[in-house]
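Residue-level structural notes
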Amino acid sequence: MSQILSKAPSRTRGGALSFLSLFTSLGTLLCCALPSLLVLFGLGATVATVLSAVPWLVELSHHKHWVFIIAGILISENFVYVYGIAPKLQMRSGACDPDDPTACQTASRFSRIVLWCSATLYLIGCFTAYVLGPLLVRFES
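All values reported here derive from a predicted model rather than from experimental measurement. (Residues numbered from 1 in each chain as written. Predicted model: local features only at pLDDT ≥ 70, side-chain atom pairs only at ≥ 80, totals over all residues. Heavy atoms only, no water.)

A look at the overall build of the chain
Basically, it comes down to this: Numbering of helices and strands runs from the N terminus; a helix is a DSSP stretch of H or I covering at least four residues, while a strand is a stretch of E covering at least two. A simple rule labels every residue: compare its accessible area, found with a 1.4 Å probe on the protein chains alone, to the largest value its type can have, and call it buried under 20%, exposed over 50%, or partly exposed in between. Contact criterion: two residues are considered in contact whenever any of their non-hydrogen atoms come within 4.5 Å of each other. Using a 1.4 Å probe, the Shrake-Rupley method yields the accessible areas, and only the shown protein chains count as cover for residues.
Scanning the chain from terminus to terminus reveals 6 helices and 0 strands. Along the chain direction, N to C, the helices and strands of the chain fall in the order α-α-α-α-α-α. By the burial criterion, 28% of the 141 residues in the chain qualify as buried. Across the chain, contacts joining residues at least 24 apart in sequence account for 82% of those joining residues at least 6 apart. Accessible surface, the chain: about 9,400 Å² in total, of which carbon and sulfur atoms supply 71%.

What follows is the structure, given as structure tokens:
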């Protein structure tokens with residue numbers, strides 16, 4: 001697997017890392033944050049229906065700490081790659097086509113948009129899964 005990744009162009013690895021971080025942040029949102037938010041709005045029956053249709057979400061939510069840790073690591077690695085490693089690789093290898101200088105800018109902009117969407121979803125998930133419950137309990141008493 002590592003041989004395949006080392007032979008792949010850096011754009012492919014960066015794109016894969018971007019989509020993997022987006023997928024994990026969506027996973028944290030679906031397993032842990034969205035059900036809590038729906039129950040908060042009084043939609044507990046909706047959560048029960050979804051969990052009966054997709055029972056693996058229950059098992060995923062039992063391990064929410066690991067889900068959040070892995071997603072946080074992947075998103076952090078993606079920030080390092082997009083803002084630290086990728087620009088250096090593009091400059092060193094001359095990966096951008098001189099005839100079309102906007103190609104690298106477009107790919108870089110797309111990676112950054114996906115990365116920031118992932119980070120936003122992750123932070124929303126963290127807030128809902130870990131902070132919202134204790135805040136509501138504190139304000140009710």
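There is more to say after this.
A closer look at the confidence of the model for the chain
Definition in use: Scored from 0 to 100, pLDDT records how confident the predictor is in each individual residue.
Here the chain shows a mean pLDDT of 75. Residues at 70 or above account for 70%. Low confidence marks residues 4–8, where pLDDT is under 50. Its contacts with residues over four positions away, or in another chain, come to 3 contacts.

Quick word on the environment of Ser36
Mapping Ser36 onto the fold places it in helix α2 (residues 10–40). Linking Ser36 and Gly133, residues 97 residues apart in sequence, is a C-alpha distance of 8.5 Å.

Quick notes on the packing of aromatic side chains
We apply this condition: The pairing test for Phe, Tyr and Trp rings, Trp by its six-membered ring, is centres within 6.5 Å, and the orientation test on the planes gives stacked under 30 degrees, edge-to-face over 60, and tilted for anything in between.
Evaluation of the coordinates by the stated rule reveals 4 aromatic pairs. Seen from their ring centres, Phe68 and Tyr122 are 5.8 Å apart, and the 55° between their planes marks the pair as tilted. Pair noted here: Phe68 is in helix α5 (residues 64–93) and Tyr122 is in helix α6 (residues 102–140), with a separation of 54 residues, a long-range link. Comparing Phe68 with Tyr122, the two get one shared label, buried. A connected cluster of aromatic rings, assembled from ring pairs, spans Phe68, Tyr122 and Tyr130.

Some points on the nonpolar core
In plain terms, the rule: Among the buried residues, those of types Ala, Val, Leu, Ile, Met, Phe, Trp, Tyr and Cys that are joined through side-chain atoms within 4.5 Å form a nonpolar core.
Membership of the largest hydrophobic core is limited to 11 residues, which are Phe68, Ala71, Ile75, Tyr81, Val82, Ala86, Leu115, Ala119, Tyr122, Cys126 and Ala129. Every element with two or more residues in this core is listed here: α5 and α6. Sorting elements by how many residues they give to this core places α5 first, with 6 residues.

Here's the deal with a nonpolar patch on the surface
Here is the rule we go by: Each patch groups residues whose relative accessible area exceeds 30% and which form no salt bridge, using 9 Å between like charges and 5 Å between nonpolar side chains of Val, Leu, Ile, Met, Phe, Trp and Tyr. Any carboxyl oxygen of Asp or Glu that lies within 4 Å of a side-chain nitrogen of Lys or Arg is treated as forming a salt bridge with it.
A cluster of nonpolar side chains, namely Phe127, Tyr130, Val131, Leu135 and Phe139, defines an oily patch on the protein surface of about 460 Å² accessible area. Structurally, Val131 is set in helix α6.

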